[in-house]
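Listed below, chain by chain, are the residues.
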Amino acid sequence: MPENVELQQLVDEELEDDASSQPKRSLCNCPYLGLILATLSSLFFSLCSVIVKWMTDVDPIALAAYRYIGVLLPAIPILIYKQEYVFPKGKRIMLLLRSFTGTAALMLSFYAFRHMPLADASVIVFSVPVFTAVFARMFLKEPCGVFSVFSVILTLIGVVFITRPPLLFSETVDALGSSSEKSEIWGAVAAFSATLFGASAYVLLRALKGIHFSVIMTNFGSFALVQCLLVTWIIGGLCVPPCGTDRYLIVALALFSFGGQILLTVALQMEQAGPVAIARSSDIVFAFIWQVWFFDEVPNKYSVGGAFLVMTSVILTALRKWVLALPDNASLKTKLNILSK
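Residues numbered from 1 in each chain as written. Predicted model: local features only at pLDDT ≥ 70, side-chain atom pairs only at ≥ 80, totals over all residues. Heavy atoms only, no water.

Taking an unreviewed UniProt entry as the reference, the protein is identified by name as EamA domain-containing protein belonging to Photinus pyralis. Comment text from UniProt for the protein, heading Subcellular location (unreviewed entry), reads "Membrane". (UniProt positions renumbered as here; feature names shortened; annotations may be inferred.)

Quick notes on the overall build of the protein
If you tally the helices and strands in the protein, you get 14 helices and 2 strands. When burial is assessed residue by residue, the protein has 51% of its 341 residues classed as buried. The long-range share in the protein, meaning contacts at least 24 apart out of those at least 6 apart in sequence, stands at 86%. Of the accessible surface of the protein, which amounts to about 16,100 Å², a share of 69% is contributed by carbon and sulfur atoms. (Helix = DSSP H or I, 4+ residues; strand = E, 2+ residues; numbered from the N terminus. Buried < 20%, exposed > 50% of the residue type's maximum accessible area, 1.4 Å probe, protein only. Contact = heavy atoms within 4.5 Å. Areas by Shrake-Rupley, 256 points an atom, 1.4 Å probe, with all protein chains shown as cover.)

Points about the packing of helix α2 (residues 33-54) against helix α4 (residues 92-115)
Taken N-terminus to C-terminus, the directions of α2 and α4 make an angle of 65°; their axes are 8 Å apart at the nearest point. What the angle tells us is that α2 and α4 run roughly perpendicular. Every pair of crossing elements has a handedness; the one defined by α2 and α4 is right-handed. Along its contact with α2, which presents Ser49, Val52 and Lys53, the element α4 presents Phe110, Phe113 and Arg114. (Axes fitted to C-alpha atoms, helices over the stretch in contact; angles between N-to-C directions. Parallel < 35°, antiparallel > 145°, perpendicular 65-115°, else oblique. Left-handed = near helix turned anticlockwise from the far one by under 90°.)

A few points about a nonpolar patch on the surface
A cluster of nonpolar residues, Leu229, Leu230, Trp233, Ile234, Ile235 and Leu238, forms a patch on the protein surface that exposes about 640 Å² of accessible area. Residue classification places Leu229 among the partly exposed residues on the basis of a relative accessible area of 36%. (Patch = residues over 30% accessible without salt bridge, like charges linked within 9 Å, V, L, I, M, F, W, Y side chains within 5 Å. Salt bridge = Lys/Arg side-chain N within 4 Å of Asp/Glu carboxyl O.)

Describing the environment of Asn300
Looking at the secondary structure, you find Asn300 in the loop between α12 (282-295) and α13 (301-325). What makes Asn300 buried here is its relative accessible area of 0%. For the pair Asn300 and Ile162, spaced 138 residues apart in sequence, the C-alpha separation works out to 9.1 Å. Side-chain polar atoms of Asn300 contact the backbone nitrogen of Ser303, separated by 2.9 Å. (Polar contact = N/O pair within 3.5 Å; in protein donor to acceptor, adjacent residues only side chain to side chain.)

Focus on the packing of aromatic side chains
Taken as a whole and assessed by the stated rule, the structure comprises 10 aromatic pairs. Measuring from ring centre to ring centre gives 5.6 Å for Phe44 and Phe256, while their planes differ by 45°; the resulting arrangement is tilted. Remark: Phe256 occurs in helix α10 (residues 245-270) and Phe44 occurs in helix α2; sequence separation between them is 212 residues. For Phe44, a relative accessible area of 24% gives the class partly exposed. Plain terms: the ring middles of Trp54 and Phe294 are 6.1 Å apart, the flat faces sit at 90° to each other, and that makes the pair edge-to-face. Note that Trp54 is positioned in helix α2 and Phe294 in helix α12, a separation of 240 residues in sequence. With a relative accessible area of 45%, Trp54 lands in the partly exposed category. Residue Phe294 is classed as partly exposed on the basis of its relative accessible area of 34%. The lysine or arginine in question, Lys53, covers the ring of Phe295, its NZ or CZ lying 5.6 Å from the ring centre. The ring of Phe220 is capped by Arg98, whose NZ or CZ atom sits 4.3 Å from the centre of that ring. (Phe/Tyr/Trp six-rings, centres within 6.5 Å; stacked < 30°, edge-to-face > 60°. Lys NZ or Arg CZ within 6 Å of the ring centre and 35° of its normal.)

Considerations on the nonpolar core
Membership of the largest hydrophobic core comes to 56 residues, with the highest contact counts inside it found for Met55, Leu63, Tyr68, Phe110, Met116, Val123 and Cys228. Here the element with the most residues in this core is helix α3 (residues 60-82); it accounts for 7 residues. (Core = buried A, V, L, I, M, F, W, Y, C linked by side-chain atoms within 4.5 Å.)

A short note on helix α9 (residues 213-234)
Its 22 residues place the ends of α9 31 Å apart at the C-alpha level, agreeing with the 32 Å of an ideal helix rising 1.5 Å per residue. Positive backbone phi, at 75°, marks Gly236, one or two positions downstream of α9. (Expected span 1.5 Å × (residues − 1).)

Regarding the side chain of Thr101
Mapping Thr101 onto the fold places it in helix α4. There is a polar contact of 3.0 Å between the side chain of Thr101 and the backbone oxygen of Arg98.

Focus: the environment of Met55
Its location among the elements puts Met55 in the loop between α2 and α3. A C-alpha to C-alpha distance of 8.7 Å links Met55 and Arg114, two positions 59 residues apart in sequence. Not counting the four nearest positions on each side in its chain, Met55 is found in contact with Leu63, Arg114, Asp246, Leu249 and Ile250.

Structure (structure tokens):
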């Protein structure tokens, strides 16, 4: 989910600042604890997607507004404690742009979760890191070589298989099981748009490097809450969930989001960003499991093939990031030199 990038991207930048430093493993002697925590983080975030799809009586944009209350409330005390200026001069426009793109990404992804098969939407939204390389090249002049171009092409092919545009595929395709599913073009458009907005948010976060995360989160949470409430009011979807299960699910949405972010942060403190990003790709696997288990939506062969291509591209992108962060004299960097091209 797009809101997951906040702490991950900030910690990623810190790790890249000192490529020669080793991840901390003082919390436990288990060498794989960081990867285990990253996988648990994916589990929590995937359950957030299930809740969004499950709560059909509440507009997905309204759920996004409730989600941002959970982002804003913890950020304000940290901002006060650190005595940071909430709207630093020279970064205001960048903060507003970052808040807008991040909010748009989350709203669109929630819409996609509601109107597409869960696994299909998750795969498309999870391809954000691949497109970030292109945007970083365009706006930050970061290097974008042959490998990055290959990853983007691979991802686009996978997205085409998942979305199955009517010009290339029939309107209805057979699933792997006995059922059939209809390709919803607007859900697919929302998912892909969420990916582009999410990639823009990544790039803007890089441009805001050096700003304390509480400043970014406070601006983001405030702007996003207002934007989501405004959009929900305009479309007539603003409501207070009825007593009972819906309210419990909203609390669960906040708890899973908070728990996922904490686990992801600890994982990145214990392990390098590249392996953690690979472990985070298990989000796609969980999405396929929940799609069948909770919603009886059997993925078709195009979805499975597209997911494989996108997941391969994301994993290769994470490996490339890991290789580039290794010291120049590392033997692994020499062996995987092709990934740095």
